[in-house]
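Geometric and topological summary
Here's the letter readout for the chains.
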Amino acid sequence: MLTMKEKEYFMGEAIKEAKKARNKLEVPIGAVIVLNGLIIGRGHNGREESLDATAHAEMFAIKEANETLKNWRLEDAQLFVTLEPCPMCSGAMILSRVKELYYGAADPKGGTAGTLMNLLTDSRFNHQVMIEKGILEYECSELLTYFFRELRKRKKTEKAEQKKLDER
């Protein structure tokens, strides 16, 4: 079992990944996969850059962890992610047999680790994932809140500039 200090350290690493996404004007979500106290996979959102709807932080982290281990199974691994996973990412965790999920901020619109629904503990699947939420929740939430506030400002400015151009 991980200590709170370890959980916060690994979530801090996921936050670093989220900041990489933010710096590319991607939604700031980051993930890391840990096995035996070592990070074996990292990822951050890349949908805008790749034009790929599946380019989620968790998917990149899972893929890198699989490559590191040369195995599709992540049976004893922990996944840390800044935002509660979507259905696709929860499905990938089940399929790759991730043991534990730790996430920062809840996602009321699409979270499938307990908020909107819970795919990860559904006994109808052949694998369940232990979930702990709220690790560095404030820091994870603030990244998203600030990003979307700035995005709305940017869009409002662009719209006003376009209106001025149209009036000429």
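As the structure is a prediction and not an experimental result, all values here were calculated from the model.

1. A look at the UniProt feature "active site" (unreviewed entry) in the protein
Here, UniProt's "active site" (unreviewed entry) annotation points to Glu 58. With a relative accessible area of 3%, Glu 58 lands in the buried category. Discounting residues that sit within four places of it in the chain, Glu 58 has contacts with Ala 31, Leu 79, Val 81, Leu 83, Pro 85 and Cys 89.

2. Section: the pairing of strand E4 (residues 100-105)
Across the six residues of E4, six count as buried, placing the element largely inside the fold. With five bridges connecting them, strand E3 (residues 78-83) and E4 associate as parallel partners. Paired with Phe 80 across the bridge in E4 is Tyr 102. Following the chain from E3 across helix H4 (residues 87-96) to the adjacent parallel E4, one finds a crossover that is right-handed. Here E4 pairs with strand E5 (residues 130-133) via four bridges, running parallel. Its bridge partner being in E5, Leu 101 is matched across the sheet by Ile 131.

3. Structural notes on unusual backbone geometry
The backbone of Asn 36 shows a phi angle near 55°, a positive value even though the residue is not glycine. With respect to the element layout, Asn 36 can be found in the loop between strand E1 (30-35) and strand E2 (38-44). On the basis of relative accessible area, Asn 36 is assigned to the exposed category, the value being 71%. Phi at Arg 97 takes a positive value of approximately 65°, unusual for a residue other than glycine. Within the secondary structure layout, Arg 97 lies in the loop between H4 and E4.

4. Description of the pattern of salt bridges
Any two side chains of opposite charge can pair, given that their charged atoms come close. Summed over all chains, the structure comprises nine salt bridges. With its nearest N and O atoms 2.8 Å apart, the salt bridge here joins Lys 7 to Glu 132. One end of the pair, Lys 7, is in helix H1 (residues 4-23); the other, Glu 132, is in strand E5, with 125 residues separating them in the sequence. Across this residue pair, the class does not change: Lys 7 and Glu 132 are buried. The partner of Glu 75 in a salt bridge is Arg 73, with the nearest N and O atoms 4.0 Å apart. Using a relative accessible area of 46% as the deciding quantity, one classes Glu 75 as partly exposed. For Arg 73, a relative accessible area of 37% puts it in the partly exposed group. Through salt bridges with shared partners, one network takes in Glu 13, Lys 16, Glu 17, Lys 20 and Arg 42.

About the thresholds
Residues numbered from 1 in each chain as written. Predicted model: local features only at pLDDT ≥ 70, side-chain atom pairs only at ≥ 80, totals over all residues. Heavy atoms only, no water. UniProt positions renumbered as here; feature names shortened; annotations may be inferred. Buried < 20%, exposed > 50% of the residue type's maximum accessible area, 1.4 Å probe, protein only. Contact = heavy atoms within 4.5 Å. Helix = DSSP H or I, 4+ residues; strand = E, 2+ residues; numbered from the N terminus. Pairing = 2+ DSSP bridges. Right-handed = clockwise from strand over helix to strand, strands pointing away. Salt bridge = Lys/Arg side-chain N within 4 Å of Asp/Glu carboxyl O.

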